[in-house]
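Working through the structure, step by step
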Amino acid sequence: MPSTLRAVATVAGCAAMTAATLVVTAGPSAAVPEPAISSFTPSHGLVGTTVDITGTNFNSSETAAVAFGTATPAAASSVTSTLIVVKVPAGAKSGKLVVSQPAGAPTTTSAPSTNSFTVDPTPVPPKHTKLALVVSKSSVTYPGKDGVTATLTSSSHAVKEAAVVLEHQTRGSSTWHHVSGAATEHTSHSGSVHWTVVPHVRGTYRAVFAGTKAYAASASNGRSVGVRPQLSLSLPASSTALLKIAAKGKLTPHLSGVVKLEQRIDHHWHVVARPRVHHGSFKASVATSSPGTEKFRVVRATDTRHLSGVSQAASTHVVAPTLRLGSSGAVVAALEKRLHKLHYDTGHLGSSYGWDAEHAVTAFEKVQGLSKDGVAGSGVFKALADPKRVHLKHKVSSGIAVEVNLEKQVLLISKNGKLWRILDTSTAGGYLFTGSDGQTERAVTPRGHFHVVYKVNALVHARLGTLYRPSFFNYDGYAIHGEGNGDTGSNVPPYPNSHGCVRITDDAADRYYNLLAVGTSVWIY
């Protein structure tokens, strides 16, 4: 029905004014185009997801609303004639989209039937899990086995059929690696899994659960496991005192470096060699001295990747020969070298047991408190393993000095304040004798601090005996001198026997005559 527009106009004439009404009739109203949805994206989403709806004839001057399924329409956040932006409201249902226009405006019937929007269900958060790990042993000796057990729980309840992996981190590293040979295990009804491993290096183990939709991922606490290398040592069943024996051993795994060969002496272990390891093997030569059973072991120190390793003790039965004047061989040579190292006067080193060796052994026996017979038997060899030491009482900072220990019946020569040689000696015997003046005297060696005052580089004949190459330390006839040795025997017995002089062998007098220069200090105590 056409509408009528009525207008009132006043027309002024010359003679009079007449009122009239003007009616304007408008034509038929124009049709409003119906909005249409052509597409939307995304096609699915959770509540709160932003959806872009494209189409035509949207009323951009007013805010539109969009209904998801049967839910209350949600107001659009942006509207143009071709685009509506809206968020999926709470309570939205899967189905077609319906755009509501302002009052009086046409409403879209629905989205295309082939493009229904799917409202995704709100995901259920995975349950919190806890993964605990224990190891059977905190350290193993290679190639020892260790047990590793992990237990997965959620709110104190076991999580069953969950895949768990075992990882290892080497000490000093920050990287975790899957343990080679340790398969992915699934938890039992009690939530536990178990592995048996063979650790190669020191490090830490942990178990890892990757998680599922129902259970959150988790990693266990780390557990450290140390690895000790395995050491073995072999020795000959029997050996001769002072002669070297071959010690051999192996180290697994095949590590490089140095090991320590230790010997049991006086209830303590002492390092006697430091052999280097080559391809897992090592060897060393070591001399024994004490008769009986000697024990050895080998030790490898701790490093970054391995704990310290110690072998079982290995034993050898040491036989001590009896050596005396006339003996010879390798063991005699070893005996002389050992005594020489301890500063005893052995003369020329060799493999024959002569007068020098006999007097060196006698001096050693005197210091050790052994029977003074000059024979190297089991007592001597045993003492050589851990000998008593003789010490200077008067140290001269430079040059040669002499000390005579009357109690021990030994003569000490020092160089620059350090003990250099220990000689067998015989001093006054304490007996009575008739002196050169016909008076009865007692054989006494004077005590005190003296100096060499004069020397005679020859054999001196006196009423009381002969003095070979004497070095006199006073003007009363007291001297350090040689007193026979060699094929005719020796007149330096292992006990005090002189009239008052300090006797040494003729060979010793030859070796030290030039050293005992005039002015050399001589202490007798």
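Residues numbered from 1 in each chain as written. Predicted model: local features only at pLDDT ≥ 70, side-chain atom pairs only at ≥ 80, totals over all residues. Heavy atoms only, no water.

A short note on the overall build of the protein
Within the protein one finds four helices and 43 strands. By residue count, 41% of the 525 residues in the protein fall in the buried class. Expressed as a percentage of contacts within the protein between residues at least 6 apart in sequence, the contacts between residues at least 24 apart total 56%. (Helix = DSSP H or I, 4+ residues; strand = E, 2+ residues; numbered from the N terminus. Buried < 20%, exposed > 50% of the residue type's maximum accessible area, 1.4 Å probe, protein only. Contact = heavy atoms within 4.5 Å.)

As for the side chain of glutamate 294
Relative to the elements of secondary structure, glutamate 294 occurs in strand β29 (residues 292-300). The buried charged residue glutamate 294 lacks any salt bridge partner; its closest oppositely charged side chain belongs to arginine 264, at an N-O distance of 9.5 Å. Side-chain polar atoms of glutamate 294 contact the side chain of glutamine 263, separated by 2.8 Å. In this structure the side chain of glutamate 294 is engaged in a polar contact, spanning 3.5 Å, whose partner is the backbone nitrogen of serine 290. Sequence-distant contacts of glutamate 294, that is, excluding residues within four places in its chain, are made with Gln263, Arg264, Thr288, Ala314, Ser315, Thr316 and Val318. (Lys, Arg positive; Asp, Glu negative; His and termini not counted. Salt bridge = Lys/Arg side-chain N within 4 Å of Asp/Glu carboxyl O. Polar contact = N/O pair within 3.5 Å; in protein donor to acceptor, adjacent residues only side chain to side chain.)

Thoughts on the pattern of salt bridges
Inspection of the entire model under this criterion finds seven salt bridges. For arginine 511, the salt bridge goes to aspartate 345, with nearest N and O atoms at 2.9 Å. Linking arginine 511 in helix α4 (residues 506-512) with aspartate 345 in the loop between α1 (330-341) and α2 (355-368), this pair joins segments that are 166 residues apart in sequence. For arginine 511, a relative accessible area of 29% gives the class partly exposed. Its salt-bridge partner being arginine 469, residue aspartate 510 comes within 2.9 Å of it at the nearest N-O pair. Of this pair, aspartate 510 sits in helix α4 while arginine 469 sits in strand β40 (residues 465-472), and the two are 41 residues apart along the sequence. Since its relative accessible area comes to 15%, arginine 469 is described here as buried.

Description of the packing of α1 against α2
For any two helices packed against each other, the geometry comes down to the angle between their axes and how far apart the axes lie. Where α1 meets α2, the closest approach of the two axes is 11 Å, and the angle between their N-to-C directions is 50°. Relative to α2, α1 is oriented oblique. Read as a crossing pair, α1 and α2 show a hand that is left-handed. The residues of α2 that touch α1, namely those facing Leu335, Glu336 and Leu339, are Ala357, Ala360, Val361 and Phe364. Classifying every residue of the contact of α1 with α2 by side-chain character gives six nonpolar, no polar and one charged. (Axes fitted to C-alpha atoms, helices over the stretch in contact; angles between N-to-C directions. Parallel < 35°, antiparallel > 145°, perpendicular 65-115°, else oblique. Left-handed = near helix turned anticlockwise from the far one by under 90°. Nonpolar A, V, L, I, M, F, W, Y, C, P; charged D, E, K, R; others polar.)

Geometric values such as these leave the question of function open.
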